[in-house]
Amino acid sequence: MAEKISFNIRIKVFAPEGDHKRAFGKGTAMLLRGVETHHSLNKSAKEMGMAYSKAWKSINATEEYLGFKLIERQAQRGSVLTEKGRSFLAVYEEAEKRAAEAALEVFKNTEFELI
């Protein structure tokens with residue numbers, strides 16, 4: 001049964017206080033993965049169908065919210081993740097993976113046959 005299903009777990013990371021709309025979530029993680037791949041926030045945003053200006057606003061707001069830089073801008077050479085940005089993304093992705101595994105484990109131990 002469990003082999004027939006998958007999960008889309010949404011994790012958001014909130015600072016102790018502040019605007020929860022600016023939390024770190026799936027969208028920010030996707031932008032950072034794109035920056036890691038393309039060394040460009042612009043290419044990452046385009047890949048997601050997002051305006052470049054919206055991507056910058058989102059990243060800037062999240063950086064301000066979390067209190068550290070996620071991306072280092074390298075002018076004409078593009079952008080790269082900061083060390084903290086790379087580490088934070090890795091922790092976020094591990095949390096997503098473990099949450100999906102936990103959900104799958106719960107469903108493995110049920111009598112339901114899901115398609």
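Refer to the preceding data block for the structure.
Quick notes on the rules
Residues numbered from 1 in each chain as written. Predicted model: local features only at pLDDT ≥ 70, side-chain atom pairs only at ≥ 80, totals over all residues. Heavy atoms only, no water. Phe/Tyr/Trp six-rings, centres within 6.5 Å; stacked < 30°, edge-to-face > 60°. Helix = DSSP H or I, 4+ residues; strand = E, 2+ residues; numbered from the N terminus. Buried < 20%, exposed > 50% of the residue type's maximum accessible area, 1.4 Å probe, protein only. Axes fitted to C-alpha atoms, helices over the stretch in contact; angles between N-to-C directions. Parallel < 35°, antiparallel > 145°, perpendicular 65-115°, else oblique. Contact = heavy atoms within 4.5 Å. Nonpolar A, V, L, I, M, F, W, Y, C, P; charged D, E, K, R; others polar.

Engineer: Kindly report on the packing of aromatic side chains, identifying the contributing residues and their values.
Structural biologist: Here the structure, examined in full by the defined rule, presents four aromatic pairs. With a centroid separation of 4.9 Å and 80° between ring planes, the pair formed by F24 and F88 is classed as edge-to-face. Here the residue F24 occupies a position in the segment before helix 1 (26-38), and F88 occupies one in helix 4 (residues 83-108), the gap between them amounting to 64 residues. The class of F24 is buried, set by a relative accessible area of 0%. Ring plane angle 75° and centroid distance 5.9 Å describe the contact between Y52 and W56, whose orientation is recorded as edge-to-face. Here Y52 and its partner W56 are both found in helix 3 (residues 52-66), four residues apart, which amounts to about one turn of the helix. A connected cluster of aromatic rings, assembled from ring pairs, spans F24, F68, F88 and Y92.

Engineer: Which residues make up the packing of helix 1 against helix 3, and what are the values?
Structural biologist: Relative orientation of the contacting elements helix 1 and helix 3 amounts to 110°, with a least axis distance of 11 Å. Compared by their axis directions, helix 1 and helix 3 come out roughly perpendicular. Contact with helix 1, carried on its side by T28, L31 and L32, involves A55, S58, I59 and T62 of helix 3 and no other residues of that element. For the contact of helix 1 with helix 3, the class distribution of residues is four nonpolar, three polar and no charged.

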